[in-house]
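Structural overview for review
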Amino acid sequence: MSPHAVDDRAVARWRFRTQLLDGRSAPDGPAAVRSLLAVQAENLDQTGWALASRSAAGLPPATMAGLLADGTLVRTHVLRPTWHLVHRADLRWLLELTGPRVRRQVGRQLERDLGLDPATVAACTDVVLAALAETPDLTRDELGAALEWAGRPLDGMRLMVLLAHAEMGLHLGSGTPRPEPATATGTGSATQTYRLLDGRLDPSPHADRDEALAALTRRYVLGHGPATERDLAYWATLTLTDVRAGIASAAAELESFEHDGRTFWHAPGETPPPRPRTPRVHLLHLLDEWYRGHQDSRLVVDADGLHPVGREPSIGLLAVDAQIAGTVRRTVRPASVAFDVTPYRPLTAAERRALDEEAARYGAHLERTPVLTVAGG
């Protein structure tokens, strides 16, 4: 198909290939993160599956924990005021480029909404950094205890936002995850810890901000394209002026086409993949980059308009051939993982077989027996 004849379904299939979900894969988890540049990661368990789905070697939870412990991957607030996983080689220049604008937003939230003036924020940050200098890998609660001991008690939202503000200032990031014991109804989870970033990050490979903008544009398009300028502005919390400057600098290394009144940028020499001969089914999280990595053109993954716009009905989504085909509720237990799937339309026999195979892969990733229930069939 020529890019001039592209439609929403073709763009969605193209993105699935670009994002290593269909027909391509990275050799391992860190390579998958570098390919995407940054991976939204509020739920680290679900993010682990997102990376395992894109990695030839998979990414067992224990391997993910090891990558966080040794600092290869850092879970921190970057790009937007939310958690992302970033490879250590990319974190410094990404934060230097995108951090100041987001940090100002978070600073205003601390002062206007949470009652912490800049002097108080600075003093509390000093307490946090001193605590981590003495004892690395402290949890949020332990840092809260250090603040209380110092006579600056913070908890809840104020503590969480203060730490995010410090992360975006290149002061601290994730440390070694601390395992929690399993319970009768679940598997136990790992609690986020924090560690100072001093000496842990690679130097920026870019000479100046203009060069970093061009690199960001190129890396985003190669890992998420085809994508629009407004997709990138949302993803990286940049102004359209900055994004357009980045596109102008990187344009010679990219190609574009027009669709639905927008310009879509993509890797040179590529065209949309054909429709697969057999169905390709994925069980993905709502925050996976295939969905959350765009905003302006996000709904190319819902060409039939089946998915409710606005309030999301589920944190899990069923994707069939790169289109949203239903919702998924995942329940992890000590020996099993249940997938309750509610399709938006009847599944064909071939799609149901592909769904069974995807549930089996997901279960193997978690080292649990998959239990699949499909509403209406």
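Structure's up top.
Everything quoted here is computed from the prediction, not taken from an experiment. Sequence order sets the numbering: in each chain, residues are counted from 1 along the sequence as written. Only residues with pLDDT of 70 or above have their local features reported here, since the model is predicted, and side-chain atom pairs are shown and tallied only from 80 upward, although totals for entire chains, interfaces and linings are computed over all residues. To obtain the side-chain values, all non-hydrogen atoms of the structure were included, while hydrogens and water were left out.

1. Here's the deal with the pattern of salt bridges
Keep this limit in mind: Salt bridge criterion: a side-chain nitrogen from Lys or Arg within 4 Å of a carboxyl oxygen from Asp or Glu. Runs of H or I in DSSP of at least four residues are treated as helices and runs of E of at least two as strands, each being numbered from the N terminus. Think of it in three bands: residues with accessible area under 20% of the maximum for their type are buried, residues over 50% are exposed, and the middle band is partly exposed, with areas taken using a 1.4 Å probe on protein chains only.
For the structure on display, the rule yields 21 salt bridges. Aspartate 304 is the partner of arginine 9 in a salt bridge, and the nearest nitrogen-oxygen pair spans 2.6 Å. Placement of the pair is arginine 9 in helix H1 (residues 8-18) and aspartate 304 in the loop between helix H12 (289-292) and strand E12 (316-320), with a sequence separation of 295 residues. By relative accessible area, arginine 9 is classed as partly exposed at 33%. Notably, a salt bridge pairs arginine 88 with aspartate 202, separated by 3.5 Å at the nearest N-O pair. Here arginine 88 is found in helix H5 (residues 88-113), whereas its partner aspartate 202 is found in the loop between strand E8 (193-196) and helix H9 (209-224), with 114 residues between them in sequence. If you follow the salt bridges from partner to partner, you end up with Arg17, Arg24 and Glu270 in one network.

2. A short note on the layout of surface pockets
Heads up, the condition is: Note on definitions: the grid is 1 Å and covers protein atoms alone; a cavity is a set of points where a 1.4 Å probe fits but cannot get out; a pocket is an open set with protein on both sides within 12 Å along at least five of seven lines; lining residues have an atom within 4 Å of a point. Grid points are joined across faces, edges and corners, and a volume is the space filled by probe spheres set on the points. Ten residues, namely Ala, Val, Leu, Ile, Met, Phe, Trp, Tyr, Cys and Pro, are considered nonpolar, four, namely Asp, Glu, Lys and Arg, are considered charged, and the remaining ones, Gly among them, are considered polar.
Approximately 350 Å³ is the volume found for the second largest pocket. Considering the residues around the second largest pocket, the lining is formed by 20 residues, among which Leu21, Val281, His282, Glu358 and Arg361 are closest to the centre. Of all the secondary-structure elements, those providing two or more residues to the lining of the second largest pocket are helix H3 (44-52), strand E11 (281-285) and helix H13 (349-366). The residue makeup of the lining of the second largest pocket, split by class, is 8 nonpolar, 5 polar and 7 charged.

3. Points about the sheet that holds E11
This is how it is decided: By this definition, two strands are paired if DSSP reports at least two bridges between them. To define axes, lines are fitted to C-alpha atoms, for helices over the stretch in contact only, and angles between the resulting N-to-C directions are given on a 0 to 180 degree scale. The criterion used for residue contact is that any of the two residues' heavy atoms lie within 4.5 Å.
Reading across the sheet, the 5 strands line up as E11-E12-E13-E14-E15 and stay open at both edges, with mixed pairing between neighbours. The open sheet is flanked by E11 and strand E15 (369-374), the only strands paired with a single partner. Recorded for the sheet is a direction-independent mean angle of 30° between the axes of neighbouring strands. With 5 bridges joining them, E11 and E12 adopt antiparallel strand pairing. Looking across to E12, one finds that leucine 283 is bridged to leucine 318. Across the sheet, H1 lies against E11, E12 and strand E13 (323-332), angled at about 40° from E13, the strand it touches most.

4. Considerations on the sheet that holds strand E3 (residues 83-87)
Across the sheet, which stays open at both edges, the 3 strands sit in the order E1-E3-E2 with antiparallel pairing between neighbours. Because the sheet does not close on itself, it has two edges, and the strands there are strand E1 (39-40) and strand E2 (73-77). Relative to E3, E2 runs antiparallel, the two being bridged by 5 bridges. Bridge pairing in E3 links arginine 75 to leucine 85. Where helix H4 (residues 61-69) meets the sheet, its contacts fall on E2 and E3, and the angle it forms with E2 comes to roughly 75°.

5. Here's the deal with the packing of aromatic side chains
Let me state the cut-off plainly: Two aromatic rings from Phe, Tyr or Trp, using only the six-membered ring of Trp, form a pair when their centres are within 6.5 Å; if the ring planes differ by under 30 degrees the pair is stacked, by over 60 it is edge-to-face, and anything between is tilted. A ring is considered to have a charge above it if a Lys NZ or an Arg CZ atom is located within 6 Å of its centre and within 35 degrees of its normal.
Taken as a whole and assessed by the stated rule, the structure comprises 7 aromatic pairs. On the numbers, 5.0 Å between centres and 45° between planes, the contact of phenylalanine 339 with tyrosine 362 is tilted. Placement of phenylalanine 339 in strand E14 (residues 336-343) and of tyrosine 362 in helix H13 is noted, with a sequence separation of 23 residues between them. Judged by relative accessible area, phenylalanine 339 falls into the buried class, the value being 0%. Here the guanidinium or amino end of arginine 75 rests over the ring plane of tryptophan 83, the centre of that ring lying 4.1 Å away. Here the guanidinium or amino end of arginine 298 rests over the ring plane of tyrosine 291, the centre of that ring lying 5.1 Å away.

6. Observations concerning the side chain of arginine 200
Going by this rule: Residues scored as positive are Lys and Arg, those scored as negative are Asp and Glu, and His as well as the terminal groups of each chain are ignored.
Relative to the elements of secondary structure, arginine 200 occurs in the loop between E8 and H9. Look at arginine 200: it is buried, it has no salt bridge, and the nearest opposite charge is aspartate 137 at 6.7 Å. If we ignore the near neighbours within four places in the chain, the residues touching arginine 200 are Leu68, Gly71, Val74, Arg88, Ser174 and Arg195.

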